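Next come the chains, spelled out residue by residue.
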Amino acid sequence: MRRFALVTLLLLAAACASGRRPANVKQPEIRGHAVGSIFFGSSQTAAVDVEVSVTNRADVPLIVHAIRISSPMMDQYTLQSAERSFHQTLAPGESQTFALSATAYTNRTNLEPTEPLQLRVDVDCEAAGARFREIETFR
């Protein structure tokens with residue numbers, strides 16, 4: 001019974017520790033923005049192209065596994081969350097821009113958005129043998 005409790009405790013500790021960037025790996029620089037303007041016209045949906053740039057500021061290679069975009073706390077419209085898988089390795093100091101597409105939704109007709117896009121970007125990374133997630137929000 002003690003062995004079971006110890007194993008459970010170790011597994012729980014490992015699960016809590018996963019997802020953290022190693023202390024010796026600098027946080028990557030992440031930038032995101034919509035390309036062009038969002039135009040609904042007479043529809044309640046609109047295509048949105050988003051560019052996310054990632055700069056590896058660490059001294060070790062950084063692997064970008066996936067990028068997710070969403071738009072929390074929006075009033076006039078919102079993005080349907082979108083995700084795209086990658087397996088792109090960035091050398092130390094290297095930057096790369098990743099393109100994603102999403103759909104914006106509104107419940108208003110003939111909307112000409114005046115609200116800037118609130119963009120949340122989640123980047124799943126790996127460096128120094130550890131997988132972790134970086135989250136940034138842009139307006």
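Since this is a predicted model, take the numbers as computed values, not measurements.

S.K.: An account of the overall build of the protein is needed here, citing residue identities and associated values.
M.R.: Check the secondary structure of the protein and you find one helix and eight strands. For the protein, the α and β elements follow one another from N to C terminus as α-β-β-β-β-β-β-β-β. Across the 139 residues in the protein, those meeting the buried criterion constitute 37%. Pairs at least 24 residues apart make up 67% of the contacts formed inside the protein by residues separated by at least 6 positions. Approximately 8,500 Å² of the protein is accessible, and the part contributed by carbon and sulfur atoms is 51%.

S.K.: Please set out the sheet that holds strand 6 (residues 95–105) residue by residue, giving values where relevant.
M.R.: Read from one edge of the open sheet, four strands run 1-2-6-4, paired in antiparallel fashion. The two strands at the open ends of the sheet, each matched to only one other strand, are strand 1 (29–35) and strand 4 (78–79). Here eleven bridges tie strand 2 (residues 45–55) to strand 6, and the two strands are oriented antiparallel to one another. Residue pairing in the sheet places Asp49 in a bridge with Ser101 of strand 6.

S.K.: Give me the lowdown on the nonpolar core, citing residues and values where you can.
M.R.: One recurring pattern in soluble globular proteins: nonpolar side chains tend to sit buried together. Judged by nonpolar contacts, the single largest core of 33 residues is most densely connected at Val52, Val54, Ile67, Ile69, Tyr77, Val121 and Val123. If sequence neighbours within four positions are ignored, Val121 has contacts with Ile30, Val52, Ile67, Arg68, Ile69, Glu134, Ile135, Glu136 and Phe138.

S.K.: Could you give an account of the side chain of Ser70, naming the residues involved and the relevant values?
M.R.: The residue Ser70 is located in strand 3 (residues 62–70) in this model. With relative accessibility at 17%, the residue Ser70 sits in the buried group. If we skip the residues at most four places from it in the chain, Ser70 touches Ser81, Gln118, Leu119 and Arg120.

S.K.: Describe the pattern of salt bridges, and please don't skip the residues or the numbers.
M.R.: Across all of its chains, the model carries seven salt bridges by this definition. One salt bridge in this structure joins Glu29 and Arg31, with 3.6 Å as the shortest N-O distance. Glu29 gets classed as partly exposed once you look at its relative accessible area, which sits at 32%. Its salt-bridge partner being Glu83, residue Arg68 comes within 3.4 Å of it at the nearest N-O pair. Of this pair, Arg68 sits in strand 3 while Glu83 sits in strand 5 (residues 82–90), and the two are 15 residues apart along the sequence. Under the relative-accessibility criterion, Arg68 is labelled partly exposed at 22%. A network of salt bridges, in which partner residues are shared, links Arg68, Glu83, Asp124 and Arg133.

Cut-offs applied
- Residues numbered from 1 in each chain as written.
- Predicted model: local features only at pLDDT ≥ 70, side-chain atom pairs only at ≥ 80, totals over all residues.
- Heavy atoms only, no water.
- Helix = DSSP H or I, 4+ residues; strand = E, 2+ residues; numbered from the N terminus.
- Buried < 20%, exposed > 50% of the residue type's maximum accessible area, 1.4 Å probe, protein only.
- Contact = heavy atoms within 4.5 Å.
- Areas by Shrake-Rupley, 256 points an atom, 1.4 Å probe, with all protein chains shown as cover.
- Pairing = 2+ DSSP bridges.
- Core = buried A, V, L, I, M, F, W, Y, C linked by side-chain atoms within 4.5 Å.
- Salt bridge = Lys/Arg side-chain N within 4 Å of Asp/Glu carboxyl O.

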